[in-house]
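A structural walkthrough
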Amino acid sequence: MSTQDQSPTGPVPASTAGDEKQRHLFVYRGWRFAYSAPRMNTGVYRPVVICLGQGSDEQETMLPNDTDEIAYATEAEALRHAQQQAMRWVHDRTGDGRGQL
């Protein structure tokens, strides 16, 4: 199964289980993203999203934090936020900013 077949609810691990920070791959409307939720020293998780580009464009861009609330109690919440952030980022660049194309 390729990452391009994945839906927003189906992350694919991009690293091995022994890695300190596991990265997931996510493709949305042709844009590729790597995202993770590293655990901070305070015990909370922070969403991190990197745009890997679109099509054959391989330019990596770290998405800025999109909210003041960048810490979550669980890894699952932080990963869900990262996916939603990536989808909003795509909509802001390809649609009318409200998710309408």
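Residues numbered from 1 in each chain as written. Predicted model: local features only at pLDDT ≥ 70, side-chain atom pairs only at ≥ 80, totals over all residues. Heavy atoms only, no water.

**Let's talk about the nonpolar core**
If you look at the biggest cluster of nonpolar residues, it comprises 17 residues, and the most contacted ones within it are F33, V49 and W89. Among the elements of the structure, strand 2 (24–28), strand 3 (31–36), strand 4 (48–54) and helix 1 (75–94) are those that each provide at least two residues to this core. At six residues, helix 1 tops the list of elements feeding residues into this core. Discounting chain neighbours no more than four positions away, the residues touching F33 are H24, L25, F26, V49, I50, C51, L52, L63, A86, W89 and V90. (Core = buried A, V, L, I, M, F, W, Y, C linked by side-chain atoms within 4.5 Å. Buried < 20%, exposed > 50% of the residue type's maximum accessible area, 1.4 Å probe, protein only. Helix = DSSP H or I, 4+ residues; strand = E, 2+ residues; numbered from the N terminus. Contact = heavy atoms within 4.5 Å.)

**Structural notes on the environment of Q59**
With respect to the helices, strands and loops of the structure, Q59 is situated in the loop between strand 4 and strand 5 (61–62). Judged by its relative accessible area of 53%, Q59 is exposed. Sequence-distant contacts of Q59, defined by excluding residues within four places in its chain, comprise C51, L52 and G53.

**Description of the pattern of salt bridges**
One pass over the structure, following the stated rule, counts one salt bridge. A salt bridge links D66 to R88; the nearest nitrogen and oxygen atoms lie 2.4 Å apart. Of the two residues, D66 is situated in the loop between strand 5 and helix 1 and R88 in helix 1; the sequence distance between them amounts to 22 residues. Judged by relative accessible area, which is 34%, D66 ranks as partly exposed. Here R88 falls in the partly exposed class, since its relative accessible area comes to 37%. (Salt bridge = Lys/Arg side-chain N within 4 Å of Asp/Glu carboxyl O.)

**Considering the packing of aromatic side chains**
Summed over all chains, the structure comprises five aromatic pairs. A ring pair is formed by F26 and Y35, whose centres lie 6.1 Å apart and whose planes are at 85 degrees; its orientation type is edge-to-face. In this pair, the class of F26 matches that of Y35, namely buried. For the ring pair F33 and W89, a centre distance of 5.9 Å and an interplane angle of 90 degrees mean the geometry is edge-to-face. Here F33 is found in strand 3, whereas its partner W89 is found in helix 1, with 56 residues between them in sequence. (Phe/Tyr/Trp six-rings, centres within 6.5 Å; stacked < 30°, edge-to-face > 60°.)

**Description of the environment of C51**
Along the chain, the position of C51 falls in strand 4. Classification of C51 as buried rests on a relative accessible area of 2%. Note: C-alpha distance between C51 and Y35 (16 residues apart in sequence) is 8.6 Å. When neighbours within four sequence positions are excluded, C51 is seen to be in contact with W31, R32, F33, Q59, E60, T61, L63 and W89.

**Quick word on the pairing of strand 4**
Counting buried residues in strand 4 gives six out of seven residues, a clear majority hidden from the surface. By the bridge criterion, six bridges tie strand 3 to strand 4 in an arrangement that is antiparallel. Within strand 4, the position partnered with R32 by the bridge is G53. In this sheet, strand 5 lies alongside strand 4 in antiparallel orientation, the contact comprising two bridges. Bridge pairing in strand 5 places C51 opposite T61. With antiparallel pairing between neighbouring strands as the criterion, strand 4 and strand 5 make up a hairpin whose turn holds six residues, including G55 at a positive phi of roughly 60 degrees. (Pairing = 2+ DSSP bridges.)

Keep in mind these values describe shape, not function.
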